Structure formats: C-alpha cells, structure tokens
Amino acid sequence: MVLHYTAMNSARRACDWLCNPESQVSAHYLIGRGGRITQMVDEAQRAWHAGAGRWGAVDDVNSRSIGVELSNSGAEPFPAIQIDALEQLLGGILHRWQIAPARVIGHSCMAPGRKIDPGPRFDWQRLARQGLAVWPLPADPAPPAVFRALAARAGFTAPVDDATLLSAIRLRFAPWRNGPLGPPDMAILADIAARFPVDVPGPAA
Ligand SMILES: [Zn+2]
C-alpha cells in the first residue's frame, strides 16, 4: 500500500489529471477532502503511481502495490473526515489482500529524496492505532553504526545516501526532528526493525 497526496487544490482537478492518458500517472483510489472515495483502477490491475523506488525486497513497487491518492495540496492539514474514509478503505484492502501493516507506506518511504508525500502533516500514528500502519514504541537506542542495517530491516532499502535515508525515516516517524542522526532516531529504528521486520527471513523453525 502506497499513500500519496495529489499536490493539487481540488480532487476534481486531480481526477481529471489521473484520468488523462497524457499525465502517465494513475492511482487505484482518490479520496477527496470531504471523504469521497473514487476508484480509478481495479485493485488487481497495475496503476502508475509509485515510479522508481524500493521497499524491503521489492524493487518494482509500482507493479506490486495499491496506490491511494489523498486530495491535498501538501501545505494543509488532512481533514478528519478524509482520514476516516482512508481508514475504512485501508481496512478492506488489507483484509482482501492480506497486507501487513508494515507494508502500508508513504511514497516518500520507497522513493527517498525524490518524493515527500504524503508529507509531514500526515498522521501515521492515527493509522497505527487502527492497526493500519506501524508506529514506534519507546526503546533503547541502537548504536549509530547499525543505522543502515536497521533502516533496511525496517523496509527502507532505497539506494540513497545516509542523509537522504534519514530524512525519509523522519518524515515517516518524526517529521519534527532535524540535525544529525541521534539516539532518538536510533531508538525508533531499533523498535521498528525488531517488531516489524520487512522481508527478513525468520529463523528456521
Ligand atoms: Zn506520490
């Protein structure tokens, strides 16, 4: 599951754009600011919403994901009624396709440095409370030397430099943080990597 914002001022315009062959982009669903859900592509079909990037072991994320666009300019809060609709939609999709909450990600998670949506205003913690995404619990920070390893275990496997990767991780879990990599970042990664490893083979049974 890849969540986006449209970066447009109206769902109507976004709908026109996503339905226009010239745009060469599409999404499975568009959710308006008032909570109206428009399905644009069948869930079993491929839409063109993700582009280049990587999540866990998946490098063709676009062909293996369902994309939801939230009508939002990128500079405004998401109305509660819109997120209510998203939660309802996600609940159904995760159930139908047996998708784990750790695989509900932002465009920015799989395309660090290239995409920032759904952006710092998106309330991931709210989704996590409904079991529709993951969110960290307090944990002891891991040493900075394992930053890349833990990030990869948490799903952040895109081939970008450390600073770009850290920005993407913060955008997802702590958008208010800035400055160099620190113990709070390593505490988040320690917890997420331990509880929600992505595409990591488990110990042999
Ligand atoms: Zn996007």
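Here the structure is a predicted model, which means the values were calculated and not measured.

**Considerations on the overall build of the chain**
Here's step 1: The number of helices and strands found in the chain is 7 helices and 5 strands.
Here's step 2: Overall, the chain shows an N-to-C arrangement of helices and strands of β-α-β-β-β-α-β-α-α-α-α-α.
Here's step 3: Relative to the compact-globule value of 17 Å for 205 residues, the chain shows a C-alpha radius of gyration of 17 Å, a close match.
Here's step 4: Seen through its C-alpha atoms, the chain measures out along the principal axes to roughly 50 × 40 × 30 Å.
Here's step 5: Sequence-distant contacts, at least 24 apart, represent 66% of the contacts inside the chain between residues at least 6 apart.
Here's step 6: Surface accessibility of the chain: about 10200 Å² in total, with carbon and sulfur atoms responsible for 55%.
Here's step 7: For the chain, the distance from the average site of its 20 positive side-chain charges to the average site of its 18 negative ones is 1 Å.

**Observations concerning the sheet that holds strand β4 (residues 67–70)**
Here's step 1: Taken together, the 5 strands give an open sheet; going across it, the order is β3-β2-β4-β1-β5, and neighbouring strands pair in mixed fashion. Every interior strand has two partners, whereas the edge strands, β3 (37–39) and β5 (105–106), have only one.
Here's step 2: As judged from the 3 bridges shared by strand β2 (residues 29–31) and β4, these two strands associate in the parallel manner. In the sheet register, Tyr29 faces β4, and the bridge partner there is Val68.
Here's step 3: Each of β1 (2–5), β2, β3 and β4 touches helix α2 (residues 80–97); the most contacted strand, β2, lies at about 155 degrees to it.

Scoring rules and cut-offs
Sequence positions are assigned chain by chain, starting from 1 and proceeding in written order. At least 70 in pLDDT is required for a residue's local features to be given in this predicted model, at least 80 for side-chain atom pairs to be given and counted, and no such filter applies to totals for whole chains, interfaces and linings, which use all residues. Each side-chain value is derived from all of the structure's non-hydrogen atoms; neither hydrogens nor water enter the calculation. Numbering of helices and strands runs from the N terminus, with a helix taken as a DSSP run of H or I at least four residues long and a strand as a DSSP run of E at least two residues long. Only the C-alpha atoms count toward the radius of gyration. The rule for a globule is 2.2 Å times the residue count to the power 0.38. The contact definition used throughout considers only heavy atoms, calling two residues in contact when any of these lie within 4.5 Å. For the accessible areas, the method is Shrake-Rupley and the probe is 1.4 Å, while residue cover comes only from the protein chains on display. His is not counted, nor are the chain ends, whereas Lys and Arg count as positive and Asp and Glu as negative. Every charge is mapped to an atom, namely NZ of Lys, CZ of Arg, CG of Asp or CD of Glu. The pairing criterion for strands is at least two bridges between them, as found by DSSP. To obtain an axis, a line is fitted to C-alpha atoms, over the contacting stretch when the element is a helix, and the angle between two such axes runs from 0 to 180 degrees between their N-to-C directions.

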